[in-house]
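Chain by chain, the residues:
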Amino acid sequence: MSRRGRFITLEGGEGVGKSTNLAWVADHLSARGLEVVRTREPGGTPRAEAIRSLLLDPADEEPLDVDAELLLVFAARAQHLARVVRPALERGAWVVCDRFTDATFAYQGGGRGIAAARIAELEAFVQQGLQPDLTLLLDMPMAAAQRRLEGRLDRDGGARDRFERERGAFFEAVRRAYLARAAEAPRRIAVVDADRPLAQVQAELARRLDACLERWG
Ligand SMILES: Nc1ncnc2c1ncn2[C@@H]1O[C@H](COP(=O)(O)OP(=O)(O)OP(=O)(O)O)[C@@H](O)[C@H]1O
Ligand SMILES: Cc1cn([C@H]2C[C@H](O)[C@@H](COP(=O)(O)O)O2)c(=O)[nH]c1=O
């Protein structure tokens, strides 16, 4: 694959502000004249969104096996990469994605306890070396993020999905796994303190993005 565009991912636990800031990042890049494709995982294509629905469905008549969960995440990713991400990068677009494989290491690895080596095997098979150019990891204490999430659900009248129903220890493990990933890949993953007013978070995102724009030419 000859790849001309750039691949930026946003990561973090539930309620840290990924969706809010994804829209802002996409606008920031579009305002610089770049073609931006805004997408998310799991999902991003009709079939991958159908897999997302299976993954997030809180119905508990048939509990989802953890290995089945992992494989569904990567099945959705394979479809998304083939139909959306790779074609966009090949034509020179910038792809801005709400979650990617760092979420698998955090949720299925940290949260569910699947060995990182097993996740890495699937990562190699599905991604064939493709990695984000930049990952913005929005980090904040779990309890404060849960309060934000509750505020949003109250306003939307929304119900908690299968992951959002997990207990506090699960989210603490997810956060630890994300921070461990960032420590292993400090050049790619920028940890952004999300426990601040939105304007301050976005000022830091702007600094990080503009530094990359300059570096990448
Ligand atoms: N810096 C901030 N300060 C205060 N509130 C914020 C901030 N960032 C986002 N919010 C609010 O917190 C709530 C959660 O934000 P958002 O939906 O963007 O998070 P998310 O990480 O995408 O959540 P999820 O993981 O559930 O998809 C929203 O109501 C949003 O308006
Ligand atoms: C990519 C990915 C996602 N998940 C989980 C994490 C979230 O709870 C949901 C997606 O919903 P959100 O609106 O982005 O919060 O899916 C996962 O467990 N593993 C993954 O690889």
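Residues numbered from 1 in each chain as written. Chains lettered and ligands numbered in written order. Predicted model: local features only at pLDDT ≥ 70, side-chain atom pairs only at ≥ 80, totals over all residues. Heavy atoms only, no water.

Looking at the pairing of strand β4 (residues 134–139)
Consideration 1: The buried fraction of β4 amounts to six of the six residues, a majority that puts the element mostly inside the structure.
Consideration 2: By the alternation rule, side chains of β4 split into L134, L136 and L138 and T135, L137 and D139, which are all buried.
Consideration 3: Pairing geometry for β4 and strand β5 (residues 189–193), over five bridges, is parallel. Of the residues in β5, the one forming a bridge with L138 is V192. (Buried < 20%, exposed > 50% of the residue type's maximum accessible area, 1.4 Å probe, protein only. Helix = DSSP H or I, 4+ residues; strand = E, 2+ residues; numbered from the N terminus. Pairing = 2+ DSSP bridges.)

Digging into the sheet that holds strand β1 (residues 6–11)
Consideration 1: Overall, parallel pairing links the five strands, which are arranged β2-β3-β1-β4-β5 in an open sheet. Edge strands, defined here as strands with exactly one partner in the open sheet, are β2 (36–40) and β5. Each strand of the sheet is rotated relative to its neighbour by a mean of 20 degrees, with strand direction disregarded. (Axes fitted to C-alpha atoms, helices over the stretch in contact; angles between N-to-C directions.)

Concerning a negative patch on the surface
Consideration 1: Where like charges cluster on the molecular surface, the negative patch consists of D57, D60, E61 and E62.
Consideration 2: Within the element layout of this structure, D57 appears in the loop between α2 (46–56) and α3 (66–90). (Patch = residues over 30% accessible without salt bridge, like charges linked within 9 Å, V, L, I, M, F, W, Y side chains within 5 Å. Areas by Shrake-Rupley, 256 points an atom, 1.4 Å probe, with all protein chains shown as cover. Salt bridge = Lys/Arg side-chain N within 4 Å of Asp/Glu carboxyl O. Lys, Arg positive; Asp, Glu negative; His and termini not counted. Charge placed at Lys NZ, Arg CZ, Asp CG, Glu CD.)

Observations concerning the UniProt feature "domain: Thymidylate kinase-like" (unreviewed entry) in the protein chain
Consideration 1: The UniProt feature table records "domain: Thymidylate kinase-like" (unreviewed entry) at residues 10–204.
Consideration 2: Structurally, residues 10–204 is divided into 57% helix and 12% strand, and its ends, taken at the C-alpha atoms, are 14 Å apart. (UniProt positions renumbered as here; feature names shortened; annotations may be inferred.)

Overview of the site of ligand 1
Consideration 1: Around ligand 1, 17 residues are found, and the nearest of them are K18, S19, T20, R155 and R196.
Consideration 2: E164 is positioned such that a nitrogen or oxygen atom in its side chain is 3.4 Å from an oxygen atom of ligand 1.
Consideration 3: A distance of 2.9 Å is found between a nitrogen atom of ligand 1 and a backbone nitrogen or oxygen belonging to R196.
Consideration 4: Look at ligand 1: alone it shows 630 Å² of surface, and the protein chains cover 78% of it.
Consideration 5: Looking at the shell around ligand 1, the elements with two or more residues in it are α1 (18–30) and α6 (142–156).
Consideration 6: Split by residue class, the shell around ligand 1 holds four nonpolar, five polar and eight charged. (Near = heavy atom within 4 Å. Polar contact = N/O pair within 3.5 Å; in protein donor to acceptor, adjacent residues only side chain to side chain. Nonpolar A, V, L, I, M, F, W, Y, C, P; charged D, E, K, R; others polar.)

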